Structure formats: structure tokens, C-alpha cells
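Per-entry structural report
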Amino acid sequence: MFNHFQHTIGSPLGFEGIALHSGQNVKVKLLPAHQDAGIVFKRIDLKTHNIIKANYKNVSSATLCTTLENEFKIKVSTVEHLLAALYIKGVDNVIIEMDGDEVPIMDGSSKDFLDALSKIEMKSLKIKKKYIKILENFSFSDNEKTINIEPSDSFKVDFELNYKNKIIGNQRNFIDFAKDSLDEVTSSRTFCLYEDIEHIKKLGLAKGGSLENAVVVDHEKVLNKGGLRNANEFVNHKILDLAGDFILSGYSFLGHVKCIKGGHHLSNLFLRDLLNKNSNKFEIIEFENNKKTTITSENYPSQIAVNA
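Chains are numbered independently. Their residues run from 1 in the order of the written sequence. It should be noted that, the model being predicted, local features are given only for residues of pLDDT at least 70 and side-chain atom pairs only at 80 or more, the latter also being counted only at that level, while totals for whole chains, interfaces and linings use all residues. Remark: hydrogens and water are excluded; side-chain values derive from all non-hydrogen atoms of the structure.

Each helix is a run of DSSP H or I of at least 4 residues and each strand a run of E of at least 2, with the numbering of both proceeding from the N terminus. Within the secondary structure, His21 is located in the loop between strand S2 (13-18) and strand S3 (25-32). A contact between two residues is defined here by any heavy atoms of the two lying within 4.5 Å. Here His21 is in contact with Leu64, Cys65, Thr78, Glu102, Gly204, Leu205, Ala206, Lys207 and Gly208, once residues within four sequence places are set aside.

Written out as C-alpha cells, the structure reads:
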């Protein structure tokens, strides 16, 4: 059920595509990394200060995507769909080289990333994988938006969204990442309302957006040829985004998440509050022959490591 050891990819893997917000064509190469390296982005279009760690503390913006920034103000954005794919494949350590500042949007989901990752072998490393195990219920709210997490033996997400638009409306879905099929979640695309596109473009965003990489809803009609990929595509994409944002904790979670009206910003605020201020609500564990071993602060001093 659980990976006992950390994993990396067995061989290099490349992607290329249009960035959703910048509109630029970006090449990405995933490279194997050693144990405890974590997930690291490397901007190869820059010669210095080009390393950005995938960590919740490095999130500098969560407006329509998750943006990471290092201490030298070097950024990489729209990381969530690739990170979700790495989470689902159990990749703990990888170097992500990019010749631009935004991960390609591909088809708007994680499907293309996962299809490629499924064609290569994963490499098991010699050090144990560590998990965040929730011990007590913990909630975080931002106005009407709420995330609650409670103890569980796996990572479960119960997500509810609420839009005035009749097509999107009120959708809710529950996914157990250890037991349920994730095909509909991983293939669900990012979405927007047609009426919001002009405003988004005035912000300098969505320059690469099209019906090839996003679901666009115009009042009571889905504009994409073929319509939706599944009946719950809107909420399923939100679940996908949450998985991509939670990997920035540096660990895999064992907890049951209940989220109402959430998004990138709420997920980051939740991680910051839980991990920085409520360490009594969780423990760091590893597994030995399907039995957990608690890692205490005494023998594991760097509790918040960059190791998903």
C-alpha cells in the first residue's frame, strides 16, 4: 500500500509545450536525483541563482496557478499539474530542468505527464520514505473557504466547489488516493468562465490559453468540442490541484482532507499554518514491513524537509 523507500525516475524524461500564462514554448527535462534531494526546479535559461526548491515556503503567488520563487527572486510557475503527477507516481526526488519560467500546460491536466512517466521505470533508493501522519483534526478557514484534515490511514480528499454558473454549479467528489481509480482526476482539465477571460488577459495572464488546454464555460454551454471528459471534471481538477499543492509540504500525507471552495492560495495558507504552528497535530513516520515507525525531533531534526 505504501512505498517504504524513496524513489526517483530511472531515466531522463522530456516534455515540450506552450505555457498557459506566458504563452511561451517551454522545454522541460526531468532528471534522476539522489536520495533526500527532493523535487528541485532548475532554470537552465539562467546561469546563476537558478535553483528553486519545491517547498510551500517558496510559494510567492497563488493567483490562478502556483508560483515558486527562490531567495534571488527567480521564479517558476504553473507547477501544480506536474507536481501532482509526481505525487501520484510516488517520485520523491527529481531535478526538473526548464528553459523558461513556466511549466507547459500540455492539455490542462496531468494526463500527458503521467502517460510519459508510466513509460519509464521508477528507481528505488536506499533511504526510507517519510510521511506526515495526522494525529488530530485540524481546520483552517479563509472567509467562506475551509480546509479540514483528520486522521486517516491513507490520503483522502473530499472536495466541494460552489459556482453561480449553472454548468459548474455545486460539485462534490471524494477520492481515496490509495484505493480509487485516479484516471478521471488526472485527466480533468483546468477551467474558466468565458466572461472572465478578458479580465484575466488584462492581468497579463492566459496568453497561451485555448480550448486545447482549458475547459471554457459560456453561461450554460461548454465551448470545448466533445464537452467534458467526465461528469465531475470541475471538482476533479480541483482535487488534482490540491494534490499538487500538498506535495510542497515535503512529504506525502496520511490524512482525510475535506475542502470547501478551496484553491492554490487556501492550500498554501493551510500548509503554512499546520506545519509552522501546529506540530502537535501530526507526526513524521516511515514504514518498516507495513508497520509505522515514528521519527522524533531528536533523531530527525530537520522536520520540514524538501522530500515529497
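Let's pick the thread back up.
Considered as a void within the structure, the largest pocket measures approximately 1,200 Å³ in volume. With a 1 Å grid laid over protein atoms only, a set of points is called a cavity when a 1.4 Å probe fits there but cannot get out and a pocket when it is open yet has protein on both sides within 12 Å along at least five of seven lines; lining residues have an atom within 4 Å of a point. Surrounding the largest pocket, 47 residues form its lining, Leu64, Tyr163, Phe191, Cys192 and Lys238 being those nearest its centre. Of all the secondary structure elements, the ones that give two or more residues to the lining of the largest pocket are helix H1 (80-89), strand S14 (155-162), strand S16 (191-193), helix H4 (197-202), helix H5 (233-246) and helix H6 (264-277). Classifying every residue of the lining of the largest pocket by side-chain character gives 22 nonpolar, 15 polar and 10 charged. Grid points are joined across faces, edges and corners, and a volume is the space filled by probe spheres set on the points. Residues are sorted three ways: Asp, Glu, Lys and Arg are charged, Ala, Val, Leu, Ile, Met, Phe, Trp, Tyr, Cys and Pro are nonpolar, and all the rest, Gly among them, are polar.

Applying the stated rule across the entire model yields 2 cavities of 30 Å³ or more. Broken down by element, the lining of the largest cavity gets its largest block of residues, 3 residues, from H6. Taken together, the residues of the lining of the largest cavity break down into 4 nonpolar, 3 polar and 1 charged.

Between H1 and H5, the shortest axis-to-axis distance is 7 Å and the interhelical angle comes to 80°. Here H5 runs roughly perpendicular to H1, going by the angle between their axes. Two secondary-structure elements touch here, H1 through Glu80, His81, Leu83, Ala84 and Ile88 and H5 through His237, Leu240, Asp241, Ala243, Gly244 and Asp245. In terms of residue class, the contact of H1 with H5 is made up of 5 nonpolar, 3 polar and 3 charged. The axes are straight lines fitted to the C-alpha atoms, using for helices just the contacting stretch, and the angles between their N-to-C directions are given from 0 to 180°. Angle categories: roughly parallel below 35 degrees, roughly antiparallel above 145, roughly perpendicular from 65 to 115, and oblique for all the rest.

The residue Gly108 is located in the loop between strand S9 (94-98) and helix H2 (111-117) in this model. Put simply, Gly108 and Ser210 are 102 residues apart on the chain and 9.7 Å apart in space, counted from C-alpha to C-alpha. Gly108 has contacts with His81, Ser188, Arg189, Thr190, Asn213 and His237, leaving out every residue within four places of it along the chain.

Moving on, we get to the sheet that holds S9. Strands sit in the order S2-S3-S9-S4-S5 across an open sheet of 5 strands; the sheet is mixed. Unpaired on one side and paired on the other, S2 and strand S5 (51-53) mark the two borders of the sheet. Within this sheet the neighbouring strands show an average axis-to-axis angle of 20°, counted without direction. One requirement defines pairing of two strands: DSSP has to find at least two bridges between them.

Below, the discussion takes up the packing of H5 against H6. Interaxial distance between H5 and H6 falls to 10 Å at its minimum, and their mutual angle equals 35°. Of the two elements, H5 crosses H6, and the hand of that crossing is right-handed. Seen from H5, the contacting residues are Asp241, Leu242, Asp245 and Phe246; seen from H6, they are His264, Ser267, Phe270 and Leu271. Should the near helix be turned counterclockwise from the far one by less than a right angle, the crossing is left-handed, whereas a clockwise turn marks it as right-handed.

With antiparallel pairing, the 3 strands of this open sheet are ordered in space as S6-S7-S8. At either margin of the open sheet sits one strand with a lone partner, and together these are strand S6 (59-61) and strand S8 (75-77). Taking each pair of neighbouring strands and ignoring which way they run, the sheet shows an average axis angle of 35°. Note: S6 against strand S7 (residues 67-69), 2 bridges, orientation antiparallel. Paired with Ser61 across the strands is Thr67, a residue of S7.

Working definition: rings of Phe, Tyr and Trp (its six-membered ring) pair if their centres are within 6.5 Å, and the pair is stacked with planes under 30 degrees apart, edge-to-face with planes over 60 apart, and tilted otherwise. Across all of its chains, the model carries 11 aromatic pairs by this definition. Ring centres 5.0 Å apart and planes at 85° place the aromatic pair Phe15 and Phe113 in the edge-to-face group. One end of the pair, Phe15, is in strand S2; the other, Phe113, is in helix H2, and 98 residues separate them in sequence. Ring plane angle 15° and centroid distance 5.6 Å describe the contact between Phe246 and Phe270, whose orientation is recorded as stacked. Of this pair, Phe246 sits in helix H5 while Phe270 sits in helix H6, and the two are 24 residues apart along the sequence. One aromatic cluster is present, formed by Tyr87, Phe138, Phe155, Phe177, Phe246, Phe253 and Phe270 through successive ring pairs. A ring has a charge above it when a Lys NZ or an Arg CZ is no more than 6 Å from the ring centre and no more than 35 degrees off the ring normal. Sitting over the face of the ring of Tyr131, Lys129 holds its NZ or CZ atom 5.8 Å from the ring centroid.

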